[in-house]
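# Commentary on secondary and tertiary structure
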Amino acid sequence: MTDISSFDNCKAEFHTLGCKLNFAETSTIARIFAERGICRVLPVEVPDICVVNTCSVTELADKKCRQTIRRLANRYPDAVIVVTGCYAQLKKDEVAAIDGVDIVLGSEQKMEISAYLDRWLATRKPQVEVTPAKDIRAFSPSCSRGDRTRYFLKVQDGCDYFCSYCTIPFARGRSRSGSIESLVAQAREVAAEGGKEIVITGVNIGDFGKNTGESFIDLVRALDAVEGIERYRISSIEPDLLTDEIIDFCARSRTFMPHFHIPLQCGSDTVLRLMRRHYDSALFAHKVEMIKRLIPDAFIGVDLMVGTRGETEELFEESMRFVDGLDITRLHVFPYSERPGTLALRTIDHVVDQHTKSVRAGVMIALSDRKLRAFMQQYAGTVRPVLFEQPQPGMPMHGFTDNYIRVEVSDAPEALVNTVANVRLLSISPDDPDTMLGEVVAQQ
């Protein structure tokens with residue numbers, strides 16, 4: 001890079017680890033780069049800039065971040081390596097010490113990467129800029145399609161919950177949001193570009209509007225009225241913030257799909273209290289019951305953590321029985337990971353060994369597989385609307401039903417990409433238990 005006087009017309013490679021919000025933000029960074037002439041690198045090209053948007057939800061996530069950064073630095077020794085995201089926010093000095101890293105940016109600086117590249121170019125000195133989490137105030141908008149048909153609209157950032165096991169408030173700062181007016185304007189832009197589906201993302205989206213005096217239900221109503229958008233999905237919402245009013249509205253909505261993702265974390269009230277969660281199992285069960293009563297076809301995904309501090313064998317069994325009795329579709333199972341600085345390390349003595357965590361995760365994953373298979377099988381022979389996505393080269397056309405069943409259609413024409421078509425669901429794929437095979441139903 002020593003002979004380059006400007007980043008204009010350079011090539012950039014992007015690597016994203018972690019959540020959908022990170023992917024949406026990376027895509028926005030790529031768009032910002034493109035506006036100043038920095039293009040995404042092609043597979044056969046060598047990048048001038050490598051951007052790594054990191055995650056730090058577990059120790060394994062930290063390890064993957066370090067591995068990715070080192071691999072890129074070794075492969076592209078002349079590239080400028082920029083690291084941002086949660087790992088950079090929480091452990092800036094550790095990141096900056098990795099050989100080859102040139103720029104380290106925290107959560108509030110993430111969307112200012114272009115300016116920091118210019119500063120690096122002017123000085124050729126490492127740039128490390130991380131605002132302490134308690135001082136983060138800015139909301140950086142992000143609405144991007146990325147590599148998929150669906151758009152991801154960031155409506156909120158940060159978290160005020162401070163659960164005993166979690167570092168997200170320290171990585172993302174306090175809860176803050178965009179205004180409904182600005183978010184509706186972004187949704188209209190998506191519609192103008194031909195977008196059909198928007199996934200509403202954030203860190204704790206049910207907390208939307210704390211800094212604007214608005215509420216999530218107000219946002220949902222406003223987005224539902226945007227012409228041209230056919231589908232919205234709520235990426236994840238806390239059970240205590242998923243109000244009965246929101247569920248009732250989604251049941252009657254023109255565009256909000258029968259699809260919810262609700263973090264439970266544990267089915268034992270004792271463990272939920274240790275986690276400092278804001279609900280109990282009875283409230284969670286009520287939300288699931290109401291969804292299935294008003295929206296019987298709804299897909300309900302649930303986050304579940306196993307092996308947390310304080311989770312004895314008896315409490316794990318209690319959690320498993322509770323989860324088994326819920327009319328939910330799929331579990332996203334995470335073994336607990338010790339995070340430095342969290343309350344759990346200071347206040348909870350009982351520690352679960354790694355082997356036991358793995359066994360418990362396996363039990364819950366098997367339970368999830370049974371629930372998902374039962375959910376999918378009940379729709380064999382039925383017809384549901386599918387929004388087709390751009391397939392990988394050589395792969396069959398695929399898309400998702402309104403209630404989030406992934407469907408492959410081998411003989412569907414590529415002209416169906418980014419369109420909604422009726423598809424008859426035939427059977428679960430023998431090659432992929434998470435996918436159903438289908439056939440397009442001719443329009444009458």
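This text goes with the structure placed above it.
### Some points on the sheet that holds strand β11 (residues 197–201)
The sheet built from four strands is open, its strands ordered β7-β8-β11-β12 with mixed pairing. Looking at strand neighbours, the two that pair on one side only are β7 (142–144) and β12 (231–234), the edges of this open sheet. Across the sheet, the mean angle separating the axes of adjacent strands is 20° when strand polarity is ignored. The strands touched by helix α1 (residues 20–35) within the sheet are β7, β8 (151–154) and β11, with β7 carrying the most contacts at an inclination of about 85°.

### With respect to the packing of α1 against helix α5 (residues 113–123)
Where α1 contacts α5, the two axes come as close as 10 Å, and the packing angle between them is 55°. Comparing the axis directions of α1 and α5 gives the class oblique. Residue-level contacts link I29, I32 and F33 of α1 to I113, S114 and L117 of α5. Residue classes in the contact of α1 with α5 are distributed as five nonpolar, one polar and no charged.

### Things to note about empty space enclosed by the protein
All chains considered together, the criterion is met by one cavity of 30 Å³ or more. Size it by volume and the largest cavity reaches roughly 40 Å³. Every residue along the wall of the largest cavity is listed here: S164, Y165, L274, M275, T308, R309, Y336, A344 and I348.

### Things to note about the packing of helix α12 (residues 313–324) against helix α14 (residues 354–377)
In contact at an axis separation of 11 Å, α12 and α14 are set at 5° when each is read in the N-to-C sense. As judged from the angle between their axes, α12 and α14 are roughly parallel. In this structure, α12 contributes E313, F316, S319, M320, V323 and D324 to the contact, and α14 contributes R360, V363, M364, L367 and K371. For the contact of α12 with α14, the per-class residue count stands at six nonpolar, one polar and four charged.

### Quick word on unusual backbone geometry
Backbone geometry places Q265, a non-glycine residue, at a positive phi of 75°. Within the fold, Q265 resides in strand β13 (residues 259–265). On the accessibility criterion, Q265 (9% relative accessible area) is buried. A positive phi angle, close to 65°, is found at Y404, a residue other than glycine. For Y404, the location among the structural elements is in the loop between β17 (397–401) and β18 (406–409). Taking relative accessible area as the criterion, Y404 reaches 19% and is therefore assigned buried.

### Let's talk about the sheet that holds strand β20 (residues 435–440)
Strand order in the closed barrel made by the five strands is β16-β17-β18-β20-β19, with mixed pairing throughout. Sheet twist, expressed as the average angle between the axes of neighbouring strands with direction ignored, equals 50°. Bridge analysis of β18 against β20 gives three bridges, and the strand direction is parallel. Bridging across to β20, E408 finds its partner in L437.

### Let's talk about the pattern of salt bridges
Evaluated as defined, the whole model comprises 34 salt bridges. Between R231 and E197 there is a salt bridge; the shortest N-O distance is 3.7 Å. Of this pair, R231 sits in strand β12 while E197 sits in strand β11, placing them 34 residues apart in sequence. One salt bridge connects R384 with D297, and the closest N-O pair in it is separated by 3.2 Å. Taken together, the positions of R384 in strand β16 (residues 383–389) and D297 in the loop between α11 (281–294) and β14 (299–306) put the pair 87 residues apart, joining distant regions of the chain. One network of salt bridges, in which partners are shared, links E25, K110, K154, D157, R172 and R176.

Thresholds, definitions, all that
Residues numbered from 1 in each chain as written. Predicted model: local features only at pLDDT ≥ 70, side-chain atom pairs only at ≥ 80, totals over all residues. Heavy atoms only, no water. Pairing = 2+ DSSP bridges. Helix = DSSP H or I, 4+ residues; strand = E, 2+ residues; numbered from the N terminus. Axes fitted to C-alpha atoms, helices over the stretch in contact; angles between N-to-C directions. Contact = heavy atoms within 4.5 Å. Parallel < 35°, antiparallel > 145°, perpendicular 65-115°, else oblique. Nonpolar A, V, L, I, M, F, W, Y, C, P; charged D, E, K, R; others polar. 1 Å grid on protein atoms, 1.4 Å probe; cavity = no way out; pocket = protein on both sides within 12 Å on 5 of 7 lines; lining within 4 Å. Points joined across faces, edges and corners; volume = space filled by probe spheres on them. Buried < 20%, exposed > 50% of the residue type's maximum accessible area, 1.4 Å probe, protein only. Salt bridge = Lys/Arg side-chain N within 4 Å of Asp/Glu carboxyl O.

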